[in-house]
Amino acid sequence: MADWNDKSIKLGDYKFFLILLSHMLITFVDGRGVDQFMKKRELPMHEGTSEDGDVIDCVDIRKQPAFNHPLLKNHTVQIKPHAQSRGIDEAENNPNMLFQSWHKNGECPEGTVPLLRRTHNFNHSRRSYPVFLHKKVAQLNDVNNPSNHEYAQVSAVDGNYYGARATINVWNPLTNFGELSIAQIWVLAGDGNELNSLEAGWTVNNGEKKTRLFIYWTSDGYQSTGCYNLDCPGFVQTNKNIALGGSIEPVSKYGGEQRDISIVIHKARSNSYSHSHFNNNDGNWWLQVQDQLVGYWPSSIFTHLAGTSDAISWGGEIVNNQPNGHHTSTQMGSGHFPNEAYGKASFFTKLGYFDEGNNVKDPENLEPFVTRPPCYDLRTGKDNKFGVFFYFGGPGYSANCQ
């Protein structure tokens, strides 16, 4: 649906430790304690305001943050899954390859991965327990059920899933400071404090005029494990072209051209896989964005997701801090209701899950969950062009949403 153009410009010399660009700073570091390195030395930046403002550090793939995880000390990087699933096609120089702003001025060299420097604009705080699956919600205490998170989503529950996919319409909704707006996929297993979650999609934070690609994970119900992107050890990145947390462009225009990204989270088979003797604890969870393998979550860092998923959700989420004493005006999706349909309302299309045989199946009997329909709503459907799809979102605060 979307026409993404790869405008990467190769940098001429990768031997420099620091590369100063006119609009973007890309640096190469060895990956050991990147945050500590940044604290010790303030890197130079062009005095003018860059077009994007993000700073990308090219980190040795063998020394990325993942390998500080105690369970990954002796981990060997897996560049590709041992076996591709049906419905997953990685392509080089594909016209649909994801374009991020930093590509305009450079790319990371082979053997490295891009690491976005943490900024105050991105919400790096720990995620909250999702409240949209009724069987899980029933087991939660109120203290773990955040009332300021609102959703418009569909879920497949009580299954045995080997992954999920969807094509997600990309927008830049209005957000207030301290709040966020998200469109994403959740792949889940377990309950309560033992919830395991893999998440990927796009987000807008703190009123920022950028829409960012993000991932998140937890293995203990969002208590002490997991984080966004590469902010902590866990996710192993293998792709040198995609910066997790980096901005996505262009985005959709109301009544105009629509932009979208395809996202796949899939449990790959181990090298010893045979259809009749597959150990569910074998194989890592791979992330693919817009026909590009990005990397994987090792199965060893999870408990329940060391095996398969028992629930999947697709949809939108916002944080409502009730500024000015009433419901927030932070938008979800395009900021318009689902009844406005294509070109005006945000959508997910081609929803699917992976079964044990590596096949992509249409989810059936999806359970919708909408926190406040007068603020944000949902409308589902299915056709030959878009498969299983839904429109979602809304403007937030209005006469009907107080």
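Residues numbered from 1 in each chain as written. Predicted model: local features only at pLDDT ≥ 70, side-chain atom pairs only at ≥ 80, totals over all residues. Heavy atoms only, no water.

- Named according to an unreviewed UniProt entry, the protein is NEP-interacting protein 1 originating from Citrus sinensis.

### Structural notes on the overall build of the protein
- Along its length, the protein carries two helices and 20 strands.
- In the protein, the share of contacts with a sequence separation of at least 24, taken over all contacts with a separation of at least 6, comes to 75%. (Helix = DSSP H or I, 4+ residues; strand = E, 2+ residues; numbered from the N terminus. Contact = heavy atoms within 4.5 Å.)

### Some details on the pattern of salt bridges
- All told, the structure shown has 12 salt bridges when counted by the stated rule.
- With its nearest N and O atoms 3.0 Å apart, the salt bridge here joins arginine 212 to aspartate 54. With arginine 212 in strand E9 (residues 211-218) and aspartate 54 in the loop between helix H1 (34-40) and strand E3 (55-60), this pair connects stretches of sequence that are 158 residues apart.
- For aspartate 54, a relative accessible area of 3% puts it in the buried group.
- The salt bridge involving arginine 212 is made with glutamate 208; its shortest N-O contact spans 2.7 Å.
- A relative accessible area of 8% means that glutamate 208 is categorised as buried.
- In the salt-bridge network here, residues are joined through shared partners; they are Asp54, Glu208, Lys210 and Arg212. (Salt bridge = Lys/Arg side-chain N within 4 Å of Asp/Glu carboxyl O. Buried < 20%, exposed > 50% of the residue type's maximum accessible area, 1.4 Å probe, protein only.)

### Describing the packing of aromatic side chains
- Enumeration over the complete set of coordinates arrives at 17 aromatic pairs.
- An aromatic cluster of at least three residues, connected via ring pairs, comprises Tyr342, Phe347, Phe386, Phe389 and Tyr391. (Phe/Tyr/Trp six-rings, centres within 6.5 Å; stacked < 30°, edge-to-face > 60°.)

### A look at the pairing of strand E8 (residues 196-205)
- Of all 10 residues that make up E8, 10 are buried, and the element is covered over most of its length.
- Burial along E8 is two-sided: the face carrying Asn196, Leu198, Ala200, Trp202 and Val204 and the face carrying Ser197, Glu199, Gly201, Thr203 and Asn205 are both buried.
- One ladder, built from 10 bridges, connects strand E7 (residues 180-189) with E8; its direction is antiparallel. Residue pairing across strands places alanine 189 opposite asparagine 196, the latter belonging to E8. (Pairing = 2+ DSSP bridges.)

### Details of the state of the cysteines
- All chains considered together, the criterion is met by three disulfides.
- Two residues, cysteine 227 and cysteine 232, share a disulfide whose sulfurs are 2.1 Å apart. On the sign convention where negative is left-handed, the bridge of cysteine 227 and cysteine 232, at about -85 degrees about the S-S bond, is left-handed. Both residues of the pair, cysteine 227 and cysteine 232, count as buried. (Disulfide = S-S within 2.5 Å.)

### Focus on the nonpolar core
- Counting residues in each nonpolar core, the largest one holds 64 residues, and the members touching the most others are Ile185, Leu198, Leu287, Trp297, Trp314 and Phe348.
- Those residues in contact with phenylalanine 348 that sit more than four places away from it in its chain are Ala166, Thr167, Ile168, Ala183, Gln184, Trp314, Gly315, Val388, Phe389, Phe390 and Phe392.
- Formed by 13 residues, the second largest nonpolar core is a distinct cluster that contains Tyr151, Leu195, Phe214 and Tyr216. (Core = buried A, V, L, I, M, F, W, Y, C linked by side-chain atoms within 4.5 Å.)

### Some thoughts on the side chain of histidine 103
- Tracing the backbone through its elements, the reader meets histidine 103 in the loop between E3 and strand E4 (112-116).
- Residue classification places histidine 103 among the buried positions, given a relative accessible area of 2%.
- At a separation of 2.6 Å, a polar atom in the side chain of histidine 103 contacts the main-chain carbonyl oxygen of asparagine 241. (Polar contact = N/O pair within 3.5 Å; in protein donor to acceptor, adjacent residues only side chain to side chain.)

### Overview of the sheet that holds E8
- Taken in spatial order, the seven strands make up an open sheet running E11-E9-E8-E7-E15-E5-E18, and their pairing is antiparallel. Edge positions in the open sheet fall to strand E11 (247-248) and strand E18 (367-370), since each of these has one partner strand only.
- Two strands pair when backbone bridges link them, and E8 and E9 are joined in this way by seven bridges, in the antiparallel orientation. Bridge pairing in E9 links leucine 198 to tryptophan 217.

### Overview of the confidence of the model for the protein
- Model confidence for the protein is summarised by a mean pLDDT of 81, while 73% of its residues fall at 70 or above.
- Predicted confidence for residues 28-50 stays below pLDDT 50, and this span has 45 contacts to residues more than four positions away or in other chains. (pLDDT = per-residue confidence, 0-100.)

### A closer look at unusual backbone geometry
- Cis rather than trans, the peptide bond between glutamate 249 and proline 250 has omega equal to -10 degrees.
- Along the polypeptide, proline 250 turns up in the loop between E11 and strand E12 (260-267).
- Although it is not a glycine, lysine 350 sits at a positive phi angle of roughly 55 degrees.
- Lysine 350 gets classed as partly exposed once you look at its relative accessible area, which sits at 39%.
- Located in the positive-phi region is asparagine 365, a residue other than glycine, with phi close to 55 degrees.
- The residue asparagine 365 is located in the loop between strand E17 (360-361) and E18 in this model.

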